[in-house]
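# Descriptive structure summary
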Amino acid sequence: RLYPTPNIDPEKTNDVQGIILHHTAEPTIERSLAVLTSLEKKVGTHVVIDTDGTRYIMAEPTAVTFHAGKSILNGREGCKDFTIGIELQGNTLEQPLTIDQIDSAIEYILPLMNKYNIPVANIVTHEMIRQAYKRKYPQKRCYDKVDITQKEYKRFMARLNARLAAE
């Protein structure tokens, strides 16, 4: 489903090199979509995946969305300029990702990996890129946000790697 977000940078084109996994931490898909389209909140993403696997496409992969904040991936800062944001509905501190969500995300990711030559190592969580920023700039304030747990990230990546091995 197309569900465009206004929260993109029209002056830039995404130099796609990675994928950042997030969870919405909102109780409903309606709340998540409202936040990600709010001009006041100024946060956006490329796709939101509901617990039943339904995908809400908010921006083209080449769009720069406001999903990464202060961040570093492979030594490069400003991850929003070169990564695709995927929001998974829910809060993984309270409930695990559903298989439908994981499989839907993998179906979305696989063509992107091929098209943009994204290595598996560049599929990370928001927490991972924020921690890299904090290590480089320990003196700077960085907004802390609960994000996908390492347990759920490992579950996700195990399923993605199994799928890649089967192809």
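Everything in this summary refers to the structure shown in the same document. (Residues numbered from 1 in each chain as written. Predicted model: local features only at pLDDT ≥ 70, side-chain atom pairs only at ≥ 80, totals over all residues. Heavy atoms only, no water.)

### Examining the overall build of the chain
Within the chain, the regular secondary structure consists of four helices and seven strands. Secondary structure elements in the chain, listed N-terminal to C-terminal, are β-α-β-β-β-β-β-α-β-α-α. For the chain, whose C-alpha radius of gyration is 15 Å, the value lies close to the compact-globule estimate of 15 Å for 167 residues. C-alpha atoms of the chain, sized along the principal axes, occupy 40 × 30 × 30 Å. Counting over 167 residues, the chain shows a buried share of 50%. Counting contacts in the chain only where the partners sit at least 6 residues apart, residues at least 24 apart contribute 73% of the total. (Helix = DSSP H or I, 4+ residues; strand = E, 2+ residues; numbered from the N terminus. Rg over C-alpha atoms; globule rule 2.2 N^0.38 Å. Buried < 20%, exposed > 50% of the residue type's maximum accessible area, 1.4 Å probe, protein only. Contact = heavy atoms within 4.5 Å.)

### Details of the pairing of strand E1 (residues 18-23)
Burial within E1 is extensive, with six of its six residues counted as buried. Neither face of E1 is open: one carries Gly-18, Ile-20 and His-22, the other Ile-19, Leu-21 and His-23, and all of them are buried. As paired strands, E1 and strand E6 (residues 83-88) are joined by six bridges and run parallel to one another. In the sheet register, His-22 faces E6, and the bridge partner there is Glu-87. Bridge count for E1 against strand E7 (residues 123-125) is three bridges, and the pairing is parallel. Residue pairing for E7: Leu-21 is matched across the bridge by Thr-125. (Pairing = 2+ DSSP bridges.)

### A short note on the pattern of salt bridges
Within this structure, the stated rule accounts for 10 salt bridges. Close ionic contact of Asp-81 with Lys-12 constitutes a salt bridge, the shortest N to O distance being 3.3 Å. Here Asp-81, found in the loop between strand E5 (76-77) and E6, pairs with Lys-12, found in the segment before E1; they are 69 residues apart in sequence, far enough to count as distant. For Glu-77, the salt bridge goes to Lys-136, with nearest N and O atoms at 3.1 Å. Of this pair, Glu-77 sits in strand E5 while Lys-136 sits in helix H3 (residues 126-136), and the two are 59 residues apart along the sequence. Its relative accessible area of 46% is what places Lys-136 among the partly exposed residues. (Salt bridge = Lys/Arg side-chain N within 4 Å of Asp/Glu carboxyl O.)

### Examining the pairing of E6
Summarising burial for E6: six of the six residues are buried, a large majority. Because side chains alternate across E6, one face comprises the buried residues Thr-83, Gly-85 and Glu-87, and the other comprises Ile-84, Ile-86 and Leu-88, equally buried. As judged from the three bridges shared by strand E2 (residues 47-49) and E6, these two strands associate in the parallel manner. Across the sheet, residue Val-48 finds its bridge partner in E6, namely Glu-87.

### Overview of the packing of aromatic side chains
Following the criterion strictly, the structure yields two aromatic pairs and no others. A centroid spacing of 6.1 Å and a plane angle of 85° characterise the contact between Tyr-3 and Tyr-56, whose relative ring orientation is edge-to-face. Within this pair, whereas Tyr-3 is found in the segment before E1, its partner Tyr-56 is found in strand E3 (residues 55-57), the two being separated by 53 residues in sequence. Assessed through its relative accessible area of 33%, Tyr-3 is described here as partly exposed. For the ring pair Tyr-133 and Tyr-137, a centre distance of 4.9 Å and an interplane angle of 45° mean the geometry is tilted. Accessibility assignment for this pair places Tyr-133 and Tyr-137 in one class, buried. (Phe/Tyr/Trp six-rings, centres within 6.5 Å; stacked < 30°, edge-to-face > 60°.)

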